[in-house]
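Residue-level listing of the chains:
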Number of protein chains: 2
Amino acid sequence: MIMNTSKNDNYSSNCESLGKFFIPTKKDSDEFSETAKLMMKSGMIHKLSSGIYAWLPLGYKILSIVEKIISDKFEDIGFNRMCLPTLHPASLWIETGRYEVYGKEMLKIKDRNESDLVFGPTAEEACVDMVRNKIKLHDLPVKVFNIQWKFRDELRPRYGIVRCREFLMCDGYSFHETEKDALDFYDNVSEAYKEVFDELGLDVISKPAETGEIGGSKSHEFLIESEIGEDTAVVDGVEKSFMELGHIFLLGTRYSEPMNLKVTNSENKTNALVMSCYGIGVSRLVGALVEKYSVENGINWPKNIAPFKITILNMCKDSEKADKTCEKIRRKFSKTTYIVSGKKSPGEKFAVSDLIGSPIKIIIGNKQLESDSVEVRVISDKTHYIKIDEIIDFLDKVI
Amino acid sequence: MIMNTSKNDNYSSNCESLGKFFIPTKKDSDEFSETAKLMMKSGMIHKLSSGIYAWLPLGYKILSIVEKIISDKFEDIGFNRMCLPTLHPASLWIETGRYEVYGKEMLKIKDRNESDLVFGPTAEEACVDMVRNKIKLHDLPVKVFNIQWKFRDELRPRYGIVRCREFLMCDGYSFHETEKDALDFYDNVSEAYKEVFDELGLDVISKPAETGEIGGSKSHEFLIESEIGEDTAVVDGVEKSFMELGHIFLLGTRYSEPMNLKVTNSENKTNALVMSCYGIGVSRLVGALVEKYSVENGINWPKNIAPFKITILNMCKDSEKADKTCEKIRRKFSKTTYIVSGKKSPGEKFAVSDLIGSPIKIIIGNKQLESDSVEVRVISDKTHYIKIDEIIDFLDKVI
């Protein structure tokens, strides 16, 4: 029963306050890309298998912040959120002919009755099945989206959650009476995508793209320049590497025709609906954000994405005054305050704080405490020395 | 290209306002149980395959309300939310010996490289893998939970989402230094479960249970009396049918020992951690709620669970005043107002409203409009006639 502690010693955990939050940071990681390495070191993700990751509490916090930004924007432009299952009956994919042509990235499964299932790499068929026989003319347009785990059996998963196999995707679907209606809404969604990327501070370009195995008559990719991007595009005459973050398709009747998704219009004619689909890689977006906001030794999150807006570094050992000040702030900003305290050295505490990347860092040291003050560093601003009595008011202003 | 409209005619859709929301209600369903039938008729769920369902916008709204109530409670008692993947490498299940013994309910999968994966029917192994080598003594207790889709390949899926194959589960895991710490927290979680069920208005009993294939030394089930329950328990000397909504287990070292999840304590001894796990069937809970709150012809949601707190029945055709009144209310309570309007008969409009089940129903009719009023029915209260000018203030009070 001798424990192998060699791996364990690499980890440094930091949840010693009442509001415990499990962030097992570590000093190094054998991941290949800087982005994946940083996500491993800061305790955001854990690798279970090739291309299959768990999201630890810190990573999940970021993932859910990004998910909410996307979800809110989709709802703003009239999408209804729903949820499709991860597994689909193969029969639906056979209806559109995609079961045979999709290739090895599609994970095919047999259940206990030898029935064929598919772990959805995307969900056009499942969505059409959900709405067919239910849409009437006056319902149109119908716009639905879901944020659900997908699986693509990548030949060579890499870069952590950037090119993994199980990933979180936001996939929206819209159904229209005419091609013109579909095109108008396609442009709305394209605009909404830009607003999402702007909100996240990402410089994303959109460019016309091939429709590939998804099909349809028109499509745009949303790309960000990236060291670990695997798409290339010529921008300003120079070929650069890009990472694909989103892709939208005007599908036309590619799915509605074979799956018999039709409505009878006002002239009593029965036509297949015009369909579009819109995808954003939610988990991959987190990778793009980590790459964008990474700095030497850690990360600098902007306020609207930061998993913790405030990190308190308690440099004092056994100081009741310091503990009370931590607790005072944590009680007021409980969901967004992380406290680094305990027996670690100041250098170790700063290292952890750098990995968590809060835009506001409060340093509680013996010297400042003597004058009833704490040091507050606000990223992209400057360092302030604030009286303990005034700290809550100050944070209310800068948070 | 002749369309078969026989099935379509069964549906009646009702989203003709600016804030469109796709609720394809229908007059009947061939589901066996009353609960599943009601969920189908009210456009909450769609069956893709045996035991595999999609959650349409109305159903998803309820599912996410229930999810949030559970998630908030788990966070209140110190759990950190995280996210485990749906697919696990078989190797983890081999470590604990469960790969061979779990039985046919476990969905086994081979990927393109012939590696063995499992669609998690539960996730003890995945969670232990996520935290092992990362927990140090001062981190304890570590409490994490996730709300993720699980798959159990039921021999006979039935009752819609109550006994399905792909289902949403909240599964929490805690790790402690001692059995006593684990027991204390086990009691806390048990209390939190009761608070969740109280908040949902469900009469749930807890009783000691077998630990089964999950293992451990102590376990409690949380049961609700149900017509479609498949567990039985003797209460007040009478045997009744119950549905299992939750199950908690004190696992001890059943997983931490074989998977080498250990810490070195203050006496420099290295011990396996004491582990517990806590499950709640989130999607099944929705079934229990539908059963509990169903009434003749529909459902009566309490305010804290209602997907739409307000349903407006616009009985007027081509009345600008009626349309404006609808719009005024919708703009103020946009996320929680559903409008039934259009050419349907009053009877059809009431039928749809009954299926949506809002606790506040506003009826806009020509007669009341003449005196600038609308009729407001507040469930468990009475009918009010309110001046249009005062409707927002009134709703602010009763919502």
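Right above here is the structure, for reference.
Rules of the game
- Residues numbered from 1 in each chain as written.
- Chains lettered and ligands numbered in written order.
- Predicted model: local features only at pLDDT ≥ 70, side-chain atom pairs only at ≥ 80, totals over all residues.
- Heavy atoms only, no water.
- Axes fitted to C-alpha atoms, helices over the stretch in contact; angles between N-to-C directions.
- Helix = DSSP H or I, 4+ residues; strand = E, 2+ residues; numbered from the N terminus.
- Parallel < 35°, antiparallel > 145°, perpendicular 65-115°, else oblique.
- Left-handed = near helix turned anticlockwise from the far one by under 90°.
- Contact = heavy atoms within 4.5 Å.
- Nonpolar A, V, L, I, M, F, W, Y, C, P; charged D, E, K, R; others polar.
- Patch = residues over 30% accessible without salt bridge, like charges linked within 9 Å, V, L, I, M, F, W, Y side chains within 5 Å.
- Areas by Shrake-Rupley, 256 points an atom, 1.4 Å probe, with all protein chains shown as cover.
- Salt bridge = Lys/Arg side-chain N within 4 Å of Asp/Glu carboxyl O.
- Lys, Arg positive; Asp, Glu negative; His and termini not counted.
- Charge placed at Lys NZ, Arg CZ, Asp CG, Glu CD.
- Buried < 20%, exposed > 50% of the residue type's maximum accessible area, 1.4 Å probe, protein only.
- Pairing = 2+ DSSP bridges.
- Phe/Tyr/Trp six-rings, centres within 6.5 Å; stacked < 30°, edge-to-face > 60°.
- Lys NZ or Arg CZ within 6 Å of the ring centre and 35° of its normal.

A.B. asks: Which residues make up the packing of helix α2 (residues 57–76) of chain B against helix α7 (residues 282–293) of chain B, and what are the values?
C.D. replies: The description of two helices packed together rests on the angle between their axes and the distance between the axes. All names here are of chain B. Two elements in contact, α2 and α7, have axes separated by 9 Å at closest approach and are oriented at 115°. By the angle between their directions, the pair α2 and α7 is classed as roughly perpendicular. Every pair of crossing elements has a handedness; the one defined by α2 and α7 is right-handed. Of the residues in α7, those touching α2 at Ile62, Leu63, Val66, Glu67 and Ile70 are Val282, Ser283, Leu285, Val286 and Leu289. By residue class, the composition of the contact of α2 with α7 is eight nonpolar, one polar and one charged.

A.B. asks: Let's hear about a negative patch on the surface: which residues, and what values?
C.D. replies: Residues and elements named next belong to chain A. Residues Asp187, Glu191, Asp198, Glu199 and Asp203 make up a contiguous surface patch of negative charge. Within the secondary structure, Glu199 sits in helix α6 (residues 179–199). According to the relative accessible area criterion, Glu199 is partly exposed, its value standing at 39%.

A.B. asks: Describe the sheet that holds strand β23 (residues 373–378) of chain A, with residues and values.
C.D. replies: Residue and element names in this part refer to chain A. In space, the five strands of this open sheet follow the order β21-β20-β22-β23-β24, with mixed pairing throughout. The open sheet terminates on both sides in strands that have one partner only, identified here as β21 (337–340) and β24 (383–387). Going from strand to strand, the sheet's axes swing by 25° on average, the running direction of each strand aside. Note that β23 and β24 share five bridges and pair antiparallel. From the neighbouring strand, Val374 faces β24, where its bridge partner is Ile386.

A.B. asks: Now, about the packing of aromatic side chains: what can you tell me, with residues and values included?
C.D. replies: Residues and elements named next belong to chain A. By the definition in use, this model includes 33 aromatic pairs over all chains. With a centroid separation of 6.2 Å and 45° between ring planes, the pair formed by Tyr293 and Trp301 is classed as tilted. Aromatic rings pair up to connect Phe74, Phe79, Phe145, Phe185, Tyr193, Phe197, Phe222 and Tyr278 into one cluster. Note that Arg254 overlies the ring of Tyr255, its terminal NZ or CZ placed 5.0 Å from the centroid.

A.B. asks: How would you explain the pattern of salt bridges if you had to name every residue and give the values?
C.D. replies: Tallied over the entire structure, the rule returns 50 salt bridges over all chains. A salt bridge links Arg377 of chain A to Glu375 of chain A, with the shortest nitrogen-to-oxygen separation between them at 2.9 Å. By relative accessible area, Arg377 of chain A is classed as partly exposed at 34%. By relative accessible area, Glu375 of chain A is classed as buried at 13%. We note a salt bridge from Asp129 of chain B to Arg132 of chain B, for which the minimum N-O separation is 2.8 Å. Connected via shared salt-bridge partners are Glu154, Arg158, Arg163 and Glu230 of chain A.

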